[in-house]
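Survey of secondary and tertiary structure
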Amino acid sequence: MKKEFIFSVSTNAFQIEGARSLGGRTDSIWDEFTKRNFYIPALGKAEREINSIEIAADFYHKYKTDCRIMDKLGLKGFVYNMDWTRIFPKDENYINPEGIKFYIDLFEELNKYGIKPIPILFHWDTPLWAEIRGGFENPEIIQWFKNYVECCFKYLGKYTDIWFVNDENSSFAQSGYITGDFPPGKKDKTAFVKVLHNLNMSAAITMEEFKKAKDKGLLSKESILGIDHDWSPPVPYTDSKEDIEACEKYNEWWKDLYLDPNLKGEYPKVFLEFIKDNKIDVTFSKEDLQYLKNNKLDFIGWNYYRPIYVTANDFEYDETKFISPPSKTHLKNVNFVQPIEKKYTKWKWPVDNTKLVEGAKRLSKDYGKNIPIMIIENGFGDFDDKSKDLILDWDRIEYLKDHIQETLRAKEEGVNMIGYSLWTYCDIFSPSGGYRKDYGLVSVDFNSPIRERKPKASFAWYKKIIENEGKELEYSQSEIISDLTGILKDWDIFYK
Ligand code: BG6
């Protein structure tokens, strides 16, 4: 892997790709879930209340246009969370030639422009055929996943040297199996424990295959394989000893549980206690635990959107203090609050970069001083005003600027920060806001038959950041407006 810091963007197959029934593909659990059951909270304009992922941004058909746009942006990396179902649409053995070809074509096209594809192999979307056979609750999935990753390393290994196994096991396992908000929509603690273990075993088998692929020369020797996790660093609500302790307890679950198995090859005590306290009838064999130890991953992808405000107190909802009702967690004396004096997005996500450096240092301290860390998701969900000629997303630029600044500061202060990848390249289907929660540097008109692309002010700004390698983050609005106007002049049919 080359040493230069990578400026990149990240995105995910089921949020942009579309073509859900094309190219020999079948459904995943996200297709099934969004067809059957998706609720978008009321906000903004009715015509954008679309919840089908059938076409999304139509990246499947428009990837060449998008690569041209990425080249214009000057990107160095493109994190792409791939679709297992497109490659294995029927079962664990049949490789869909059109599916793998799509990814070969995409990766070649990216390489043509000097952009490194950075694949994430799994982002919550189990193929439906696998789900019907028990999905991640069934340990057989580890072998099914092995076939998939083996195929990816074989056909895609030559295009890149940075890989990730999973995006946010925490979101998938907790929202899919405890709260039931995400597919497969279960509320079953036993299932949660099994799923998490099988995810960890899948990561370990991926590492085993990764080593084999290196030995066979399918991957370069320097290639690295990581785990991507969305730890929101805790901020104690007050300086009290109790609130500070609550933060440490929070970390045991929300950090250690989702990183230790992959990076240290062990489960934290908090997980074993959870199993015991809930009388969950699951044990892990010595062989499995040894296997995790033998196949630890190389590095951390960190999704930093926000910190979380934590307290030991069980507060009543007081509208003069909090913007939303305090929420209890399953851990004793660990509760979340949203203090009124903090800053939030329209979706009530804190806007606060103050924990990025401290959090990065904590990850280095806990998982090895030199462990590479890459920011894989960091972005600002907003309801952009797309009614004028220029889409001026100043709040997004401010958010990104403040977070890139802290990412680079962490690097200066000794963290082995290898790159920054923002969320996201273009407007997407968002799990919490459908097509109304915009994240992209590039706007997508979801009502146009061609899903027309258009750069926003943040596109012009990020282009500058990539050019000057983050040395000059400040900007003047007039300069960005003039850059954007210039970009739009050349925005001919090949960019739309
Ligand atoms: C991350 C997910 O946790 O958050 C993405 O990996 C998601 O898939 C992003 O889009 C932002 O969340 P949301 O719900 O605002 O789209």
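Remember, it's a predicted structure, so these values are computed and weren't measured experimentally.

Next up on the list: the site of the ligand. Inspection of the region around the ligand gives 15 residues, with Q15, E168, S432, K437 and Y439 positioned closest. Between an oxygen atom of the ligand and a side-chain N or O atom of H123, the distance comes to 3.1 Å. Taking W423, its side chain carries an N or O atom lying 3.3 Å from an oxygen atom of the ligand. With the chains in place, 94% of the 380 Å² that the ligand exposes on its own is no longer accessible. When its residues are assigned to classes, the shell around the ligand shows seven nonpolar, four polar and four charged.

A word on the pattern of salt bridges. Evaluation of the coordinates by the stated rule reveals 42 salt bridges. With a closest N to O distance of 3.9 Å, R20 and D83 form a salt bridge. Here D83 lies in the loop between β2 (77-81) and α4 (84-87) and R20 lies in the loop between α1 (13-16) and α2 (29-36), a separation of 63 residues in the sequence. Take R20 and D83: they sit in the same class, and that class is buried. Through salt bridges that share partners, D384, K386, D393, R396, D427, D438 and K456 make up one connected network.

A few words now on the sheet that holds strand β4 (residues 162-167). Taken together, eight strands build a closed barrel; the order of strands is β1-β2-β3-β4-β5-β7-β11-β12 and the barrel is parallel. Recorded for the sheet is a direction-independent mean angle of 25° between the axes of neighbouring strands. Both strand β5 (residues 224-229) and strand β7 (residues 299-303) contribute to a ladder of four bridges, which runs parallel. Within the sheet, the bridge partner assigned to G226 lies in β7 and is F299.

Reading the values: the criteria
Residues numbered from 1 in each chain as written. Predicted model: local features only at pLDDT ≥ 70, side-chain atom pairs only at ≥ 80, totals over all residues. Heavy atoms only, no water. Near = heavy atom within 4 Å. Polar contact = N/O pair within 3.5 Å; in protein donor to acceptor, adjacent residues only side chain to side chain. Areas by Shrake-Rupley, 256 points an atom, 1.4 Å probe, with all protein chains shown as cover. Nonpolar A, V, L, I, M, F, W, Y, C, P; charged D, E, K, R; others polar. Salt bridge = Lys/Arg side-chain N within 4 Å of Asp/Glu carboxyl O. Helix = DSSP H or I, 4+ residues; strand = E, 2+ residues; numbered from the N terminus. Buried < 20%, exposed > 50% of the residue type's maximum accessible area, 1.4 Å probe, protein only. Pairing = 2+ DSSP bridges. Axes fitted to C-alpha atoms, helices over the stretch in contact; angles between N-to-C directions.

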